[in-house]
Amino acid sequence: MIPATPSGVNGGKHQPEARLKLTMPYCTIRRALRRGRVLDAIRRLAGMQDQPPEVWARLHYVEDELRRFLAGYGYQPVATSLLEETELFLRKSGGELAARLYGFTDPGGRRVSLRPEFTSSVVRAFIEGALGRVLPMRLQYAGPVFRYEQAGGHRQFTQVGAELLGAATTGADVEVLALACHGLAHLGITGHRLTIGHLGAVTHLLEGLGLSQRAQVFMLANLPELKRGAEGTAAVRRRAAEVGLLRERDGGHALSRLVGGLPDEEAVELVQALLGGTAPGATGRRTHEEVVARYLGKLRGSDDPARVERALELAAALANLEGPPERVIRDMRQMGGEYGPAAVEPLERLMDALGAYDLAGVEVWLDLGLARGIAYYTGFVLEVTHPGVPGGRSLGGGGRYDGLVKALGGKSDVPTLGFAFNAERVAELLAPRQRVEPPAIVVPEGADAMAAAVRVADSLRQQGTAVELEVAGRSPEEVLRAASGRRVVVVHPDGTATEQGSEGRRSAKAARPKQAEERPRRMR
């Protein structure tokens, strides 16, 4: 599998009969095995995971507890396909996620990808009617996702998350924010920080400068780069020039400014006069009215470079505005000028409503440069971090994405929001598991004792004891030497059994069953 890009998989070529190819011909492998040659070991792919028993147990403890926690808030479990059409993740998620897809062309010629996140799949299932139609709808999920991260990062990890469909209120926003805080507290984790951004508030300020939607999307997508200060701002300015936002186009901006300041009827008359009667012959099947509307839209979509420069300066200042909520809201109101008070209203409502929840000492931080790297967010965004996770990596995140349902083919917009935890990173914060009691070993004293040994092993299992039955043909003495303090029950040919181990020799019937495993200790 290879990471797909927006331009397509395999160079965009359609391959309806894709076949797996061995790097070494099968006949060569067969000859090598027949001659006893040692072949090179096939190693685990970088970024993928193998989980030994103690890691598996800790991860699934996190998964099970978070599922139980979300169920307590009414979020019902659902499952979605691991493999989806690549278009599902390209249509609204943006280029950053698209470049990290594990995608390929299947034997039927379809471009497909392993899911990099759950939200798009859940929305797709909702649109198809698989999840019902009654709103609001609370759903939860858990399972593996795949993203082609750079060297050193996990490319396969487990998400546990929730989606709330059909609720457009601030109350819905703060429920999701509270879930992100309380979910970690449910696991006994403290000391985490809830960071909140608000793309809706930033968009409001950019709209106030008269930017086109294209320019607004550009600014929002580059907020993380703008957080790098002067160097990042210079890089974004170069990028804006490359895409035409800061390039003069043959005096066209003067006409764009003129048209932009006219009422619709006068603007149409001006464009008609400029085009004259020559337009229909140059456009084939388009009518004159369609050509005028298209050209007018193009003119009004053009941005004055001076206006883009002002927006770039404002976006850079906003991207670096973070801190305690009261200070950030105050500074944002002043920074936004006449548009500031209206822009901060959603943030003020959010913080006021969040006060109804007991966040148990969780630090709340506002960061207007938080963008999450996925283009479908439209309102608040969140991330949860903890100083115990190296590199400031996020434990989870989410936000509001009200336009996603319609973008993925729904008949109308449905307000949608949610979040997800990275279960592996959450599990890192749990103290190492206490030593799991290893299984007892039941050893038949010779072949004649095997039937009795099976009965003894079954009896111990019914008492709650994990048991390994010795089937490798070792003698009791050999097992005892290798047992390293484990319980060893020797079954004799006459059907009697004695336990031998660190506590000495005793009857197997007298042995009390022990717990197979203990829960992880919680980090305080």
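Above: the structure in question.
What counts, and where the lines are drawn
Residues numbered from 1 in each chain as written. Predicted model: local features only at pLDDT ≥ 70, side-chain atom pairs only at ≥ 80, totals over all residues. Heavy atoms only, no water. Patch = residues over 30% accessible without salt bridge, like charges linked within 9 Å, V, L, I, M, F, W, Y side chains within 5 Å. Areas by Shrake-Rupley, 256 points an atom, 1.4 Å probe, with all protein chains shown as cover. Salt bridge = Lys/Arg side-chain N within 4 Å of Asp/Glu carboxyl O. Lys, Arg positive; Asp, Glu negative; His and termini not counted. Charge placed at Lys NZ, Arg CZ, Asp CG, Glu CD. Helix = DSSP H or I, 4+ residues; strand = E, 2+ residues; numbered from the N terminus. Buried < 20%, exposed > 50% of the residue type's maximum accessible area, 1.4 Å probe, protein only. Phe/Tyr/Trp six-rings, centres within 6.5 Å; stacked < 30°, edge-to-face > 60°. Lys NZ or Arg CZ within 6 Å of the ring centre and 35° of its normal. Pairing = 2+ DSSP bridges. Contact = heavy atoms within 4.5 Å. Axes fitted to C-alpha atoms, helices over the stretch in contact; angles between N-to-C directions. Core = buried A, V, L, I, M, F, W, Y, C linked by side-chain atoms within 4.5 Å. Parallel < 35°, antiparallel > 145°, perpendicular 65-115°, else oblique. Left-handed = near helix turned anticlockwise from the far one by under 90°.

S.K.: Outline a negative patch on the surface, listing residues and values.
M.R.: Together, Glu445, Glu477, Glu478 and Asp494 make up a region of like negative charge exposed at the surface. Locating Asp494 in the fold gives a position in the loop between strand S16 (488–491) and strand S17 (497–500).

S.K.: Explain a nonpolar patch on the surface residue by residue, including any values.
M.R.: On the surface, a nonpolar cluster with roughly 240 Å² of combined accessible area is contributed by Met450, Val454 and Val471. Mapped onto the secondary structure, Met450 falls in helix H20 (residues 450–462).

S.K.: Can you lay out helix H7 (residues 199–208) for me, pointing to particular residues and giving the numbers?
M.R.: Judged by how many residues are buried, H7 sits mostly within the fold: seven of ten residues are covered. Phi for Gly210, located one or two positions after H7, is positive at around 80 degrees.

S.K.: Describe the packing of aromatic side chains, naming the residues involved and giving the relevant values.
M.R.: Here the structure, examined in full by the defined rule, presents seven aromatic pairs. Judged by centre distance (4.3 Å) and plane angle (15 degrees), the ring pair of Phe118 and Tyr141 falls under stacked. Placement of the pair is Phe118 in the loop between strand S5 (111–114) and helix H5 (119–127) and Tyr141 in strand S6 (residues 137–146), with a sequence separation of 23 residues. Just as Phe118 is buried, Tyr141 falls in that class too. Taken together, Tyr376, Tyr377 and Tyr401 form an aromatic cluster joined through their ring pairs. The cationic tip of Arg133 hangs over the ring face of Phe126; the distance from NZ or CZ to the ring centre is 6.0 Å.

S.K.: A description of the pattern of salt bridges should follow, citing residues and the corresponding values.
M.R.: Pairs can form between side chains of opposite charge once their charged atoms are near each other. Here the structure, examined in full by the defined rule, presents 22 salt bridges. Measuring nitrogen to oxygen at the nearest pair gives 3.0 Å for the salt bridge that ties Arg138 to Glu175. A residue pair is termed long-range when its members are at least 10 positions apart, and Arg138 in strand S6 and Glu175 in helix H6 (residues 170–186) qualify at 37 residues. Between Arg474 and Glu470 there is a salt bridge; the shortest N-O distance is 2.8 Å. Taken together, the shared-partner salt bridges in this structure form one network comprising Glu84, Arg124 and Glu128.

S.K.: So what about the sheet that holds strand S2 (residues 76–77)? Which residues, and what values?
M.R.: Two modes of strand pairing occur in sheets, parallel and antiparallel, and in both the strands are linked by backbone hydrogen bonds. As summarised here, the arrangement of the nine strands in space is S2-S6-S7-S13-S12-S11-S8-S10-S9, forming an open sheet in which the pairing is mixed. Only two strands of the sheet have a single partner each, and these edge strands are S2 and strand S9 (322–323). Contacting S6 and strand S7 (156–165), H5 runs over the sheet at an angle of about 130 degrees to S6. Docked against the sheet, H6 engages S6, S7, strand S8 (193–198), strand S11 (380–385), strand S12 (396–400) and strand S13 (416–422), running at close to 10 degrees with respect to S13.

S.K.: Any chance you could break down the nonpolar core for me, citing the residues and the numbers?
M.R.: Ranked by internal contacts, the top residues of the largest apolar core, which has 103 residues, are Leu194 and Met332. Apart from the residues lying within four places of it in its own chain, the contact partners of Met332 are Ala201, Val202, Leu205, Leu318, Leu321, Gly340, Ala343, Val344, Leu347 and Leu368. Core analysis: the next-biggest nonpolar cluster, separate from the first, contains ten residues, Ala452, Ala457, Leu460 and Ala497 among them.

S.K.: Quick one: what's the story with the packing of helix H2 (residues 53–71) against H6, residue by residue and with numbers?
M.R.: Interaxial distance between H2 and H6 falls to 10 Å at its minimum, and their mutual angle equals 130 degrees. In terms of axis orientation, H2 runs oblique to H6. The two elements H2 and H6 meet at a crossing, and its hand is right-handed. Residues Glu65, Leu66, Phe69 and Leu70 of H2 form the contact with H6, whose own contacting residues are Leu179, His182, Gly183 and His186.

S.K.: Give me a positive patch on the surface: which residues, what numbers.
M.R.: Taken together, the side chains of Arg30, Arg31, Arg34, Arg35 and Arg37 define a basic patch exposed on the protein surface. Mapped onto the secondary structure, Arg30 falls in helix H1 (residues 26–34). Judged by relative accessible area, Arg30 falls into the partly exposed class, the value being 45%.

Keep in mind these numbers describe shape, not what the thing actually does.
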